[in-house]
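Spelled out, the chains give:
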Amino acid sequence: MSSPPVAPPGWSRWLVPPAALSVHLSIGQAYAWSVFKPPLESALHLDGTQSALPFQLAIVMLGLSAAFGGTFVERNGPRWAMTVALICFSSGFLISALGAQTQQFWLIVLGYGFVGGIGLGIGYISPVSTLIKWFPDRPGMATGIAIMGFGGGALIASPWSAQMLDSFGTGHSGIALAFLVHGLAYAVFMSLGVFLVRVPRTAKPVADAPSAFEGVQVSARSAVRTPQFWCLWIVLCMNVTAGIGILEKAAPMITDFFADTSTPVSVSAAAGFVALLSAANMAGRIGWSSASDLIGRKNIYRVYLGVGALMYLLIALFGDTAKPLFVLCALVILSFYGGGFATIPAYLKDLFGTYQVGAIHGRLLTAWSTAGVLGPLIVNWIADRQESAGKHGSSLYTLSFSIMIGLLVVGFIANEFVRPVNARHHHVPAPREAADAQRQQPA
């Protein structure tokens, strides 16, 4: 596990995206945690805030483990990283199963939140640099395929988890059995990634494509000292804040917007709207990131941020007058949300090279952790205040949407400041880093 597995002659690079997908589709289960909330609240006598703790801790640990574990992922290779992710993520479910069976909620928080959260972070960044090395000609498409899996994991996990709870029961023993099945099933599925993943044998896995090792190569330690890194941090944070602001409150938001009209939105229609947003999130991850290979990373973020601001403006001005307009604008915003996640690794590769790009990506994901707090806080806090002031309908969101427009403009400006990395930041390996680079580079 300590040495990256080198592909044998004739190995198809198209086997690597399925390896990445097997991991990302598994850890994408995190977005389906809400399925377990009501049964846990009933079986263990929890309130809504308590039942959210495992998920909240898991997201915190995702950001922290990606940021602090990124260098180890680069040093030890994708198989090591995927194995660590498998062990932590699956063990988290097994510990949670013990907690549910013994009715010890702290074990569920420890298992799913802390241990499983480490698996989320390491698993999320595990295939990034390997995919970029295999696809130097189409890095946006390659990382988009993998990261699409994280967005789509809940589409599989939600109905699967709900069916298990229907079969096993929603008591503590039924929840424990569901957790146990999850842990074992995901261990098997993620094993496919562990055994399939390979690093390229040569520096040019595609004959007519440039080598992934050519050009600027910057270490993670040097990258965080560059203005480019922090510009991209702002870009990602603003884009994710704008997307998650709608995603987190999608169902009540569309209900509120049309509550005072002649065509109110039903509960089932609101649920269908949420499903559409998830599909747009997934489609954007592969579609927009692939488009970035054609028009460039800076240009695609101009689209995400500039057109995203326009979509928010249209919703704020006219969203409550036409459902198709509201839905269309929201779908576009969520596609940009997913596309932003999938495109950022290729943007980092363009600026900093392939050396330690996974570690740099991990550090940049702290912007996601920040946005995960910022987006829902803006939308929910302002909506609550507006409701207390006697407002209702779409007016609950006018101010928060104006703030989102401003944040997207800030992100747009930050993207315009991104320039090629100054030569003084180019990486000159220290002895240990030189050894790491030699291990990573194909013969």
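Residues numbered from 1 in each chain as written. Predicted model: local features only at pLDDT ≥ 70, side-chain atom pairs only at ≥ 80, totals over all residues. Heavy atoms only, no water.

Q: Can you help me understand the overall build of the protein chain in this one?
A: Scanning the protein chain for helices and strands turns up 19 helices and zero strands. Taking 2.2 N^0.38 as the reference for a compact globule, 443 residues should give roughly 22 Å; the C-alpha atoms of the protein chain span a radius of gyration of 22 Å, in line with that estimate. Principal axes of the C-alpha set define a box for the protein chain whose edges measure 65 × 50 × 35 Å. Relative to its full complement of 443 residues, the protein chain shows a buried share of 56%. For the protein chain, the accessible surface area stands at approximately 17,100 Å², while carbon and sulfur atoms represent 68% of it. (Helix = DSSP H or I, 4+ residues; strand = E, 2+ residues; numbered from the N terminus. Rg over C-alpha atoms; globule rule 2.2 N^0.38 Å. Buried < 20%, exposed > 50% of the residue type's maximum accessible area, 1.4 Å probe, protein only. Areas by Shrake-Rupley, 256 points an atom, 1.4 Å probe, with all protein chains shown as cover.)

Q: What should I look at first to understand the packing of helix α17 (residues 366-388) against helix α18 (residues 398-416) in this one?
A: Where α17 meets α18, the closest approach of the two axes is 9 Å, and the angle between their N-to-C directions is 150°. Put simply, α17 runs roughly antiparallel to α18. The handedness of the crossing between α17 and α18 is right-handed. Side by side, α17 and α18 meet where G375, I378, V379, I382 and Q386 of the first sit next to L399, S400, I403, M404 and L407 of the second. (Axes fitted to C-alpha atoms, helices over the stretch in contact; angles between N-to-C directions. Parallel < 35°, antiparallel > 145°, perpendicular 65-115°, else oblique. Left-handed = near helix turned anticlockwise from the far one by under 90°. Contact = heavy atoms within 4.5 Å.)

Q: Would you mind going over the nonpolar core with me for this structure?
A: In globular proteins that are soluble, nonpolar side chains generally tend to be buried together. Y124, F179, I246, Y312, F352 and W368 are the most contacted members of the largest nonpolar core, which totals 117 residues. It is helix α15 (residues 323-352) that contributes the most residues to this core, 14 residues altogether. The residues touching Y124, leaving out its near neighbours within four places in the chain, are H24, I27, I147, F150, R285, F341, H361, L365 and W368. Judged by nonpolar contacts, the second largest core, of eleven residues, contains A7, L21, L131 and A142. (Core = buried A, V, L, I, M, F, W, Y, C linked by side-chain atoms within 4.5 Å.)

Q: Would you take a moment to explain the pattern of salt bridges for this structure?
A: It is possible for side chains of opposite charge to pair when their charged atoms get near one another. Scanning the model with the defined rule gives six salt bridges in all. Here K37 makes a salt bridge to E41, at a shortest N to O gap of 3.8 Å. Placement of the pair is K37 and E41 together in helix α2 (residues 37-44), with a separation of four residues, close to one helical turn. Under the relative-accessibility criterion, E41 is labelled partly exposed at 25%. (Salt bridge = Lys/Arg side-chain N within 4 Å of Asp/Glu carboxyl O.)

Shape descriptors only; they carry no functional weight alone.
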